[in-house]
Amino acid sequence: MSLKGKVHIFGDNIDTDGIIPARYLITTDPKELAEHCMEGVDASWPKKIKPGDILVAGDNFGCGSSREHAPWAIKGAGVACVISKGFARIFFRNSINIGLPILEIAETDHIKPGDELEVDLTAGVVKNLTRKETYKSQPFPEFLQEIISAGGLMKYVKTQLHAAGSSAKPAVPNGTDMKDD
């Protein structure tokens, strides 16, 4: 899977409150959350983002609480991919679970606002078309690529159940949100 987009830059330690401030956690609608995405860091950012753009950050992106609202807001804003030096583990997993592509690369400092990137998620290769540089990420294992390609874990599971000929819904632990995104 390959994608191309314009870059928006954020620094280190962007926490989930910066991504989506707690006052907006009354909804799980990605489009509503997108209206306030990154507002805790740059209040004007929701007006700057265009579908297909790429968010690039420093280290420890998505630290803080374990809320799924943060990757929902980013995906709802139309961000094609998030690239960071490193992700908080729960943000990493939540992103995969909702089908938001994310990659870790060490060279995020080489990427500047407005650069155009081409990202090959399958190979883990990020090409900076503006600066004529290439960065390498550890590609996801095939099963994680399948989850992202399906649009998230729940859509992946439904596809697998359908392929197996089952119309049964997967069991849902109490408190788990099973809505399609």
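Note that the structure is a prediction, hence the values are computed from the model and not measured.

**Q** Just to check I follow, could you spell out the side chain of His69 for this structure?
**A** Following the sequence through the fold, His69 ends up in helix H4 (residues 69–76). Residues within four places of His69 in sequence aside, it is in contact with Ile20, Leu25, Thr27, Thr28 and Leu33.

**Q** When you look at the pattern of salt bridges in this model, what are you seeing that I'm missing?
**A** Once their charged atoms are close, side chains differing in charge can pair, the charge on each being opposite to the other. Applying the stated criterion across every chain, the model contains seven salt bridges. Here Asp109 and Lys85 are joined by a salt bridge, their closest N and O atoms 2.9 Å apart. Taken together, the residues Asp109 in the loop between strand S4 (102–104) and strand S5 (116–120) and Lys85 in the loop between strand S3 (81–84) and helix H5 (89–98) connect sequence positions 24 residues apart. The exposure class of Lys85 is partly exposed, given its relative accessible area of 30%. Residues Asp115 and Arg131 are paired through a salt bridge, measuring 2.8 Å at the closest nitrogen-oxygen approach. With Asp115 in the loop between S4 and S5 and Arg131 in the loop between strand S6 (125–128) and strand S7 (133–136), this residue pair connects regions lying 16 residues apart in the sequence. On the basis of relative accessibility, which here comes to 2%, the residue Asp115 falls in the buried class.

**Q** Explain the sheet that holds S7 here, please?
**A** Pairing between the strands of a sheet comes from backbone hydrogen bonds, and it takes one of two forms, parallel or antiparallel. In space, the seven strands of this open sheet follow the order S4-S3-S2-S1-S5-S6-S7, with mixed pairing throughout. On the outer flanks of this sheet lie S4 and S7, each paired with one strand and no other. Neighbour-to-neighbour, the strand axes of the sheet open up by a mean angle of 30°, direction not taken into account. Across three bridges, the pairing between strand S1 (residues 2–9) and strand S2 (residues 54–57) is parallel. Counted as the bridge partner of Val7 is Ile54 from S2.

**Q** Please explain the pairing of S1 as it appears in this structure.
**A** The side chains of a regular strand alternate, first on one face of the sheet and then on the other. Across five bridges, the pairing between S1 and S5 is antiparallel. Across the sheet, Gly5 pairs through a bridge with Leu117, a residue of S5.

The rules behind these values
- Residues numbered from 1 in each chain as written.
- Predicted model: local features only at pLDDT ≥ 70, side-chain atom pairs only at ≥ 80, totals over all residues.
- Heavy atoms only, no water.
- Helix = DSSP H or I, 4+ residues; strand = E, 2+ residues; numbered from the N terminus.
- Contact = heavy atoms within 4.5 Å.
- Salt bridge = Lys/Arg side-chain N within 4 Å of Asp/Glu carboxyl O.
- Buried < 20%, exposed > 50% of the residue type's maximum accessible area, 1.4 Å probe, protein only.
- Pairing = 2+ DSSP bridges.
- Axes fitted to C-alpha atoms, helices over the stretch in contact; angles between N-to-C directions.

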